[in-house]
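Spelled out, the chains give:
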Amino acid sequence: MSSPVKYVYAFSAALTEGEAAMKNLLGGKGANLAEMCRLGITVPPGFTISTEACTEFTDKGQAHVFELIRDEVAQGVARVEGEMGKRFGDPADPLLLSVRSGARASMPGMMDTILNLGLNDEAVVGLARKANNERFAWDSYRRFIQMYGDVVMGLKPVSKEEHDPFEVIIDMVKEKRGVKLDTDLGTDDLKELVQRFKSLIRARIGRDFPTDPWEQLWGAVFAVFESWNNDRAKVYRELNDIPQSWGTAVNVQAMVFGNLGDSSATGVAFSRDAGTGEDLFNGEFLINAQGEDVVAGVRTPQQISRLGSQRWAQLALVNEEERRSQFPSLEELMPDIYQQLLKAETLLENHFRDMQDMEFTIQEGKLWMLQTRNGKRTGAAMVRIAVEMLKQGMIDEKTALLRVAPERLNELLHPVFDTHAVKAAKVIARGLPASPGAATGQIVFFADEAEEWVKQGKVVILVRLETSPEDLRGMSVAQGILTARGGMTSHAAVVARGMGKCCISGAGAVHVDYKARTMTIGDTVYQEGDWLSLDGSTGEVFEGRIPTVEAGLSGDFGALMALTDKYKRLHVRANADTPDDAKVARNFGATGIGLCRTEHMFFAGDRILAVREMILANDEAGRRKALAKLLPMQRGDFEGMFREMNGLPVTIRLLDPPLHEFIPHDEAGQRTMANEMGVPLGKIKMRVEELHEFNPMMGHRGCRLGISYPEITEMQARAVIEAALNMKARGFEVKAEIMVPLVGTVREFDAQAKVIRQTAAAVFAERGEQLEYLLGTMIETPRAAVIADSIARQAEFFSFGTNDLTQMTLGFSRDDAGKFLPDYLRKGIYEHDPFRSIDQKGVGALVEMAVRKGQQARPGIETGVCGEHGGDPASVEFFHGAGLDYVSCSPFRVPIARLAAAQAAIRE
Ligand code: PEP
Ligand code: MG
């Protein structure tokens, strides 16, 4: 039966049916294999089974898909047989295949690769004869059984400590033979391994290892489809926002061998440095090895370029002579192949106009490219590569801006170790600087325990021999990751870089004992729970806990930020309550303060005493007396803000939180307060009782305080206006904006506006001078959004308090949502945490409506957002579309918001 839909696409020098643009159908790997063939790069021939087949598999099952694709797959294999001059299943000279998964986005959580498929007890003999290398043939066979047994037949460790059941057998045989390395095992040992592996599979799975190559092939193809739905893949999709509906493709390809002796090798190369972004061709390879050897990190890989090799030697403390004799670069060892690889690398980078991450195999002196893709990189590398490719004329400004994921800028702003503290700290081991940043935490050896410890409030460093996709959640909660094995392309290194998390891999001096739960370095034994520090930028492992400091920023970062201003329409302000924060925000490019929460100033120094005196006062006169003490302090605060933001707007919000937040709730605290203020403890207790609310978030807060106690509003308005006049007199350009919080009716705003305007007028009269200022409101209740037109007739600006607006629109308490939101996210009821990324359909629709109504009632009204969403890239894009003037976020998120705003404008 032939299906009207095409599911299988060939790629080879002779016939290529796909291309790079077909990623949705062929997955990233399949589409790029096809593209490489089109570019004339040497790729082992093969074919890709489309993602549509995977969707059919998920929807309708295995038997259905088998019927759909059987003939096309048979044709595909026949074509590969023709090109390679071998037959699949031929015992005399077998064609061997690799089977790899390949979704649209790279997904380490899925089944990855099966190599040497097609081997059985007869074919292994044929292969040995053809290759004239018996050891190679049996080694290929035992690797095949190992991989197939694990990923297709599902043979897993029975205990945490077992680690890998096949490796346990290998270790036993090595011990019996008295050898250390896999490569020391002889042909007979490998034959023994094959027998033992098969017995193990039979004993644990209850089925024989399949001998028919076609059965092997179909088993592998369906295992790839199955793996799309395994737990690890689901977790990865969840963490990376990849839709379930995409499915994965399957790539079936002729095997080439990197383990046919010393003129064979396998490796991974990057067209630029994935850690720093430096424009340096780099990578790693292993002589006489297969691809999984590089990833598994059991042997120390060699560097591709001479320069890379020299740098590696410096870090690994290997001298030049030893390096050249034992770890020479590919450039030195196989100069011709190196030149071919360099040519392919340049061709691919120029073609894709992005940093490429490539896999290759050298079989007896012939280079084969196995894969290319846009490489994962650190945040710092993203910025540097984008800016340098722009300078090199490879991409335009808009592309450069779109190349950097705003959230990843976080990594550039990441802490590094305090330089003094780190000088005093003891380096106990060195590994590869797999992913930069500094991390300090307590040692934990198992990923699930890392999660538990973090839940208990601890900070952890996950220490492992190596990591696997099962460890993903544990890795994501750890401060940093240390592995004893593995190169720069090991699982730990690649995943940590993707997460922007500090990681050191391949620290060979670290001996991990999972059973004893210890890490031994030299003679020193470290227990779980001991403190450890990692510098992911240098690869140094330190004993103990080292304090961290903020990172310095590169010129490339500045260049990228400057570029954002050319394209973005949204302004980016900062939420800052102190002159110091305002300064940081300005340095990061904030063009104003969008929210100064005045209550934060109430806690500083001894002013809390005056605040409490006001709260305890029995009448207005008592409150005014206390407020008079606060006035000069607030005025001073505002003067500092106006000084730092000279020429830029500063939005100051009137007191917002309920008064009980300023009084201690515990007996000891109340006693101290009673002593300090010279009032009886009973009076304090009574006031606390009076101020108690069942739901303070919906209680006596926001403008409701000013309605009850207008004298508070009066004092704050006076402080703002006096500070503004004072700074103006000192030559500063002051742009004050006074903001009334939590308004729900026009009358609330009117009442507060009246107090503010009268106070300002009184100050102007006293001083005999005037000053322009804006008087506006927050929109943070749904009612305010609905009547935004009426409010806009009175208020000169709107600032959306999307934290409260989310709370009140969804009916989710900001304080209590943490208890149930994780369930909601897991069950997909909400796709994102609505307090982090704006709920566009609900809260977002209110914002859009209010902006529209506000603009109608007061054309040109200034509108902004000052909730947490102002620093979330997806929300920023939404606010851009909603036509707001600015977003305001915490100072450290200002660069993220600037980039997100530029991207929103470019994507429009
Ligand atoms: C808001 O509600 O979004 C807001 C900025 O105010 P706060 O977080 O102080 O309530
Ligand atoms: Mg609020």
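Predicted, not measured: the structure shown is a model, and the values here were computed from it. (Residues numbered from 1 in each chain as written. Chains lettered and ligands numbered in written order. Predicted model: local features only at pLDDT ≥ 70, side-chain atom pairs only at ≥ 80, totals over all residues. Heavy atoms only, no water.)

**Q** So what exactly am I meant to see when it comes to the overall build of the chain here?
**A** Within the chain one finds 38 helices and 33 strands. For the chain, whose C-alpha radius of gyration is 33 Å, the value lies close to the compact-globule estimate of 29 Å for 908 residues. If you line up the chain on its principal axes, its C-alpha atoms span 105 × 65 × 50 Å. For the chain, the proportion of its 908 residues judged to be buried stands at 56%. (Helix = DSSP H or I, 4+ residues; strand = E, 2+ residues; numbered from the N terminus. Rg over C-alpha atoms; globule rule 2.2 N^0.38 Å. Buried < 20%, exposed > 50% of the residue type's maximum accessible area, 1.4 Å probe, protein only.)

**Q** Just to check I follow, could you spell out the environment of Arg38 for this structure?
**A** With respect to the element layout, Arg38 can be found in helix α1 (residues 23-38). Leaving out residues up to four positions away in the same chain, Arg38 has contacts with Thr16, Glu17, Gly18 and Glu19. (Contact = heavy atoms within 4.5 Å.)

**Q** Help me understand the coordination of the magnesium ion (ligand 2) in this model?
**A** Six octahedral donors around a metal ideally sit at 90 or 180 degrees from one another, while four tetrahedral donors ideally sit at 109.5 degrees. Within the first shell, the magnesium ion (ligand 2) binds the protein through Glu780 (OE) and Asp804 (OD), at distances of 2.0 to 2.2 Å. Placement of Glu780 in the loop between β30 (773-779) and α32 (782-786) and of Asp804 in helix α34 (residues 802-810) is noted, with a sequence separation of 24 residues between them. Residues Glu780 and Asp804 agree in their burial class; the two are buried. (Donors = N, O, S within 2.8 Å, 3.2 Å for Na, K, Ca; no water.)

**Q** I would appreciate a short explanation of the packing of aromatic side chains in the present structure.
**A** Geometrically, a pair of aromatic rings is defined through the distance of the ring centres and the angle of the planes. Inspection of every chain in the model, using the stated rule, returns 25 aromatic pairs. Both rings, one in Phe144 and one in Tyr148, keep their centres 5.4 Å apart while their planes meet at 65 degrees; by these two values the pair is edge-to-face. Within this pair, Phe144 and its partner Tyr148 are both found in helix α5 (residues 134-152), separated by 4 residues, close to a single helical turn. When the ring of Phe446 is compared with that of Tyr514, the centres are 5.4 Å apart and the planes differ by 40 degrees; the resulting orientation is tilted. Note that Phe446 is positioned in the loop between β16 (438-444) and α19 (447-455) and Tyr514 in the loop between β20 (510-513) and β21 (518-521), a separation of 68 residues in sequence. Grouping residues by exposure puts Phe446 and Tyr514 together as buried. (Phe/Tyr/Trp six-rings, centres within 6.5 Å; stacked < 30°, edge-to-face > 60°.)

**Q** Help me understand the site of ligand 1 in this model?
**A** As a structural note, the neighbourhood of ligand 1 is formed by 13 residues, with Arg597, Glu780, Gly801, Asn803 and Arg814 the closest of them. Between Arg653 and ligand 1, the recorded distance is 3.0 Å, taken from a side-chain N or O atom to an oxygen atom. Between ligand 1 and Arg814 there is a distance of 2.8 Å, counted from an oxygen atom to a side-chain nitrogen or oxygen. Bound to the protein, ligand 1 loses 95% of the 290 Å² it would expose on its own. Going through the elements one at a time, β27 (593-597) and α34 are the ones with two or more residues in the shell around ligand 1. In terms of residue count, α34 provides more of the shell around ligand 1 than any other element does, 3 residues in total. When the residues that make up the shell around ligand 1 are grouped by side-chain class, the tally is 3 nonpolar, 4 polar and 6 charged. (Near = heavy atom within 4 Å. Polar contact = N/O pair within 3.5 Å; in protein donor to acceptor, adjacent residues only side chain to side chain. Areas by Shrake-Rupley, 256 points an atom, 1.4 Å probe, with all protein chains shown as cover. Nonpolar A, V, L, I, M, F, W, Y, C, P; charged D, E, K, R; others polar.)

**Q** Teacher, can you tell me more about the packing of helix α4 (residues 123-131) against α5 here?
**A** A pair of packed helices is characterised by two quantities: the angle between their axes and the separation of those axes. Packing of α4 against α5 brings their axes to within 7 Å, and their N-to-C directions diverge by 140 degrees. α5 is crossed by α4, and the crossing has right-handed handedness. Note on element contacts: α5 touches α4 through Glu134, Phe136, Ala137, Trp138, Ser140 and Tyr141, opposite Val124, Leu127, Ala128 and Ala131. Looking at the contact of α4 with α5, its residues break down into 8 nonpolar, 1 polar and 1 charged. (Axes fitted to C-alpha atoms, helices over the stretch in contact; angles between N-to-C directions. Left-handed = near helix turned anticlockwise from the far one by under 90°.)

**Q** Is there a simple way to think about the sheet that holds strand β17 (residues 460-464) in this case?
**A** Pairing between the strands of a sheet is mediated by backbone hydrogen bonds and can be parallel or antiparallel. Read across the open sheet, the 8 strands follow the order β14-β24-β23-β16-β17-β18-β19-β15; overall the sheet is mixed. Every interior strand has two partners, whereas the edge strands, β14 (427-430) and β15 (432-435), have only one. Pairs of neighbouring strands in the sheet enclose a mean axial angle of 30 degrees, with direction left out of account. Where β17 meets strand β18 (residues 480-483), 4 bridges bridge the pair, whose relative direction is parallel. (Pairing = 2+ DSSP bridges.)

**Q** How should I be thinking about the sheet that holds strand β7 (residues 248-254) in this particular structure?
**A** Spatially, 5 strands are ordered β1-β2-β7-β5-β6 in an open sheet, and the strand pairing comes out antiparallel. Only two strands of the sheet have a single partner each, and these edge strands are β1 (8-11) and β6 (113-117). Strand-to-strand, the axes of this sheet are offset by a mean angle of 20 degrees, without reference to chain direction. Looking at chain direction, strand β5 (residues 97-103) and β7 are connected through 7 bridges and run antiparallel. Looking at β7, one finds that Gly102 is bridged to Ala249. The strands that helix α8 (residues 213-227) touches are β2 (46-49), β5, β6 and β7; relative to β7, the one it contacts most, it runs at about 150 degrees.

**Q** Help me understand helix α15 (residues 379-391) in this model?
**A** Count 3.6 residues to each turn of an α-helix, and residues three or four apart come out pointing the same way. In this model α15 runs 19 Å from its N-terminal to its C-terminal C-alpha over 13 residues, within 8% of the 18 Å that 1.5 Å per residue would give. Those residues of α15 that sit buried are Gly379, Ala381, Met382, Val383, Ile385, Ala386, Val387, Glu388 and Met389. In this fold, the buried residues of α15 make contact with α14 (335-352), α16 (397-402), α17 (409-412) and α22 (555-567). Positive phi shows up at Gly393, right after α15, with a value of about 75 degrees. (Expected span 1.5 Å × (residues − 1).)

**Q** Teacher, can you tell me more about the nonpolar core here?
**A** Most often, soluble globular proteins have nonpolar side chains that are buried together. By size, the foremost hydrophobic cluster in this structure holds 130 residues, and its most contacted members are Phe642, Leu659, Tyr773, Ile791, Phe800 and Leu884. Sorting elements by how many residues they give to this core places helix α30 (residues 710-729) first, with 10 residues. Looking at this core, you find at least three residues from each of domain 2 (265-377) and domain 4 (568-600 + 633-654 + 696-907). In this structure, Leu884 is in contact with Arg569, Leu570, Phe800, Val847, Val851, Thr863, Gly864, Val865 and Phe879, ignoring residues within four places of it in sequence. Membership of the second largest hydrophobic core comes to 86 residues, among which are Val73, Phe209, Ala478 and Cys503. (Core = buried A, V, L, I, M, F, W, Y, C linked by side-chain atoms within 4.5 Å. Domains from an automatic or database assignment.)

**Q** What should I look at first to understand the environment of Lys160 in this one?
**A** Its location among the elements puts Lys160 in the loop between α5 and α6 (165-177). Put simply, Lys160 and Phe446 are 286 residues apart on the chain and 8.6 Å apart in space, counted from C-alpha to C-alpha. Excluding its chain neighbours within four sequence positions, the residues that come into contact with Lys160 are Phe446, Asp448, Glu449 and Arg517.

**Q** How should I be thinking about the side chain of Asp90 in this particular structure?
**A** When you line up the elements, Asp90 lands in the loop between β3 (87-88) and β4 (94-95). Lacking a salt bridge, the buried Asp90 has Arg87 as its closest oppositely charged neighbour, with an N-O distance of 4.1 Å. (Lys, Arg positive; Asp, Glu negative; His and termini not counted. Salt bridge = Lys/Arg side-chain N within 4 Å of Asp/Glu carboxyl O.)

**Q** When you look at the side chain of Glu349 in this model, what are you seeing that I'm missing?
**A** By secondary structure assignment, the location of Glu349 is in helix α14. Here Arg272 takes part through its side chain, which lies 2.9 Å from a polar atom of the side chain of Glu349. Setting aside its immediate chain neighbours within four residues, Glu349 contacts Ser271, Arg272, Asp354, Met355, Gln356, Met389 and Met394.

**Q** What should I look at first to understand unusual backbone geometry in this one?
**A** Most peptide bonds take the trans form, and the phi angle of most residues other than glycine is negative. For Glu364, which is not glycine, the phi torsion reads 40 degrees and is therefore positive. Mapped onto the elements, Glu364 comes out in the loop between β11 (356-363) and β12 (366-374). A positive phi angle, close to 55 degrees, is found at Arg517, a residue other than glycine. The topology assignment puts Arg517 in the loop between β20 and β21.

**Q** Sorry if this is basic, but what is going on with the packing of helix α25 (residues 607-616) against helix α27 (residues 667-677) here?
**A** Contact geometry of α25 with α27 gives a least axis separation of 11 Å together with a crossing angle of 90 degrees. By the criterion of interaxial angle, the relationship of α25 to α27 is roughly perpendicular. Every residue of α27 that contacts α25 at Leu609, Arg612, Glu613 and Leu616 is listed here: Met673, Glu676 and Met677. Classifying every residue of the contact of α25 with α27 by side-chain character gives 4 nonpolar, no polar and 3 charged. (Parallel < 35°, antiparallel > 145°, perpendicular 65-115°, else oblique.)

**Q** Would you mind showing me how to read the domain arrangement of the chain here?
**A** Interface size is often expressed as the accessible area that is lost when the parts come together. Domain parsing of the chain yields domain 1 (8-254), domain 2 (265-377), domain 3 (415-549) and domain 4 (568-600 + 633-654 + 696-907). Summarising the inter-unit geometry, the C-alpha centres of domain 3 and domain 4 are found 41 Å apart.

**Q** Help me understand α4, please; the structure alone is not making it clear to me.
**A** Along α4, the positions that sit buried rather than exposed are Ala123, Val124, Gly126, Leu127 and Ala128. The secondary structure elements touched by the buried residues of α4 are β4 and α5.

**Q** What is the right way to read the environment of Ile712 from this model?
**A** By secondary structure assignment, the location of Ile712 is in helix α30. On the basis of relative accessibility, which here comes to 4%, the residue Ile712 falls in the buried class. In sequence terms Ile712 and Leu655 are 57 residues apart; their C-alpha atoms lie 8.0 Å from each other. Apart from residues no more than four positions distant in its own chain, Ile712 is found in contact with Met614, Leu627 and Leu655.

**Q** Which parts of the structure should I look at to understand the pairing of strand β22 (residues 524-527)?
**A** Every other side chain in a regular strand lies on the same face of the sheet, so the side chains alternate between the two faces. Where β21 and β22 come together, 4 bridges link them in antiparallel fashion. Among the inter-strand pairings, Thr520 is bridged to a residue of β22, identified as Val525. Taking the residues between adjacent antiparallel strands as the criterion, β21 and β22 are bridged by 2 residues, where Gly522 takes a positive phi near 60 degrees.

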